[in-house]
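Structural description and commentary
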Amino acid sequence: KGAIQLKVHRPRRLHQRVVQYHQNNPIAPSFASTATTLLCLSSSDIQAKLKAQMAKLQERDRSSKAISPDDLEVIYEDEHIAVINKPSGVLSVPGKEDNPSLNKAVFDRFGCESNRMDKMVVHRLGMDTSGLIVFALTDAALRGLNTLFRT
């Protein structure tokens with residue numbers, strides 16, 4: 001009950017059905033007005049919204065807290081891996097703009113067999129998320145851990 005069932009043959013018809021449903025159900029979920037809005041957007045409108053959203057995300061990434069190699073909270077390390085406690089507010093990886101990141105601090109402190117910072121990352125956590133991250137120090141560890149995380 002209350003579910004909207006539409007057959008999408010023509011966008012104009014869908015738009016009419018959504019508007020009709022919304023008019024007949026004043027307490028209808030907000031997806032009705034969202035769907036109506038989406039149907040009215042042109043390709044250039046969608047591209048502009050995407051560009052604006054990407055700019056917001058890039059600005060957010062630039063606010064990543066810098067962390068020095070000496071400030072890392074190392075939970076475990078051996079010759080193959082390092083497990084680091086990632087604080088909230090720090091990017092896991094730097095991204096295209098080379099923002100401050102945990103990956104950079106770990107690379108500066110431990111280095112790795114491949115001498116490539118991007119070849120250490122086994123998994124990531126969101127910027128606002130704190131928790132443990134595993135970094136590979138050898139190519140064999142990276143391959144093995146990637147397999148484990150994917151299965």
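This write-up is about the structure you can find in this document.

Reading the values: rules and limits
Residues numbered from 1 in each chain as written. Predicted model: local features only at pLDDT ≥ 70, side-chain atom pairs only at ≥ 80, totals over all residues. Heavy atoms only, no water. Helix = DSSP H or I, 4+ residues; strand = E, 2+ residues; numbered from the N terminus. Buried < 20%, exposed > 50% of the residue type's maximum accessible area, 1.4 Å probe, protein only. Core = buried A, V, L, I, M, F, W, Y, C linked by side-chain atoms within 4.5 Å. Salt bridge = Lys/Arg side-chain N within 4 Å of Asp/Glu carboxyl O.

1. Points about unusual backbone geometry
It is generally the case that most residues other than glycine have a negative phi and that most peptide bonds are trans. Of note, the phi angle at Asp-98 is positive, near 55 degrees, even though the residue is not glycine. Mapped onto the elements of the fold, Asp-98 is located in the loop between strand E2 (81-86) and helix H4 (102-110). Unusually for a residue other than glycine, Asn-115 sits at a positive phi of about 60 degrees. Along the chain, the position of Asn-115 falls in the loop between H4 and strand E3 (131-136). For Asn-115, a relative accessible area of 61% puts it in the exposed group.

2. Considering the nonpolar core
Grouped together as the largest cluster of nonpolar side chains are 14 residues, with contacts concentrated most on Ile-67, Leu-72, Ile-84, Leu-102, Val-106, Met-120 and Phe-135. Elements with a minimum of two residues in this core: E2, H4 and E3. Ranked by the residues each element gives to this core, the list is headed by H4, at three residues. Of all hydrophobic cores here, the second largest spans eight residues; its members include Val-134, Ala-136, Ala-141 and Leu-145.

3. A look at the pattern of salt bridges
Enumeration over the complete set of coordinates arrives at five salt bridges. Notably, a salt bridge pairs Arg-62 with Glu-97, separated by 2.7 Å at the nearest N-O pair. Residue Arg-62 is found in helix H3 (residues 43-62), and its partner Glu-97 is found in the loop between E2 and H4; the two are separated by 35 residues along the sequence. By relative accessible area, which is 41% here, Arg-62 ends up partly exposed. Lys-104 is the partner of Asp-108 in a salt bridge, and the nearest nitrogen-oxygen pair spans 3.0 Å. In this pair, Asp-108 and Lys-104 both sit in helix H4, four residues apart, roughly one turn of the helix. Judged by its relative accessible area of 43%, Asp-108 falls in the partly exposed class. By relative accessible area, Lys-104 is classed as partly exposed at 37%. Residues joined by salt bridges that share partners form a network here, namely Glu-59, Arg-62 and Glu-97.

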